[in-house]
Amino acid sequence: MAVGLGPLEKSGTTASERKGLYLTLRNPYPGAHRFRAFVEEGSGIAAERVTILPSVSTIAPRANRRILVVVDGLVPGEEVRFRLCAERIEERRVSVHARVCSKLGARRLRSTR
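Attention in this report is confined to the structure presented alongside it.

Each value, and the rule that gives it
Residues numbered from 1 in each chain as written. Predicted model: local features only at pLDDT ≥ 70, side-chain atom pairs only at ≥ 80, totals over all residues. Heavy atoms only, no water. Helix = DSSP H or I, 4+ residues; strand = E, 2+ residues; numbered from the N terminus. Buried < 20%, exposed > 50% of the residue type's maximum accessible area, 1.4 Å probe, protein only. Contact = heavy atoms within 4.5 Å. Disulfide = S-S within 2.5 Å. Pairing = 2+ DSSP bridges. Axes fitted to C-alpha atoms, helices over the stretch in contact; angles between N-to-C directions. Salt bridge = Lys/Arg side-chain N within 4 Å of Asp/Glu carboxyl O.

1. Describing the environment of L23
Summarising the element assignment, L23 is placed in strand β3 (residues 19–26). Looking at L23, the relative accessible area reads 1%, which means it is buried. In this structure the C-alpha to C-alpha distance between L23 and T51, which are 28 residues apart in sequence, comes to 13 Å. Beyond its immediate stretch of four places on either side in the chain, L23 contacts L5, G6, P7, K10, R65, R66, I67, V69, L84, S102 and L104.

2. Remarks on the state of the cysteines
Tallying each qualifying case throughout the model produces one disulfide. Linked covalently through their sulfurs, C85 and C101 form a disulfide whose S-S length is 2.0 Å. With the S-S dihedral at roughly 100 degrees, the linkage between C85 and C101 falls on the right-handed side. Of this pair, C85 sits in strand β8 (residues 79–88) while C101 sits in strand β9 (residues 99–108); the two residues are 16 residues apart in sequence, bridging distant segments of the chain. Here C85 and C101 have matching classes, each one buried.

3. Quick look at the sheet that holds β9
Hydrogen bonds along the backbone pair up the strands of a sheet, which may run parallel or antiparallel. The strand order across the open sheet built from five strands is β2-β9-β8-β4-β6, with neighbouring strands paired in mixed fashion. The open sheet terminates on both sides in strands that have one partner only, identified here as β2 (9–14) and β6 (56–59). Direction aside, neighbouring strands of the sheet carry axes that sit 25 degrees apart on average.

4. Looking at the pattern of salt bridges
Throughout the structure, instances matching the rule amount to six salt bridges. When the shortest N-O distance is used, the salt bridge between E40 and R83 registers 2.6 Å. Separated by 43 residues along the polypeptide, E40 in the loop between β4 (33–39) and β5 (50–53) and R83 in strand β8 bring together distant segments of the chain. Judged by relative accessible area, which is 16%, E40 ranks as buried. Of the charged contacts in the structure, one is a salt bridge between E40 and R99, with a shortest N-O distance of 2.8 Å. Here the residue E40 occupies a position in the loop between β4 and β5, and R99 occupies one in strand β9, the gap between them amounting to 59 residues. Take R99: its relative accessible area is 41%, and that puts it in the partly exposed class.

Any functional reading would require information that these geometric values do not contain.
Structure (structure tokens):
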């Protein structure tokens, strides 16, 4: 079993400098666990431009939670693509560290003036 994140690919268009996307974080385990969501390093965007709400959460056994991912600072005509990952926060060292990533994209429309 491993954490679930979906959809595995999502993108959207906006007329403003911000674009929000919803993802669903899933806990497949029989107990409640803490999870974190984060922008994968080197995935195509500075992590400071992405806000994840919540970035850390406790999810009940076999339950889901929606998270909001907001991309900031989009300039007219800009398109960004990046990977957002989620993983269980481990209390101790484990030999297999499972995580799952979604490919996200945000595009701002060009100005019509």
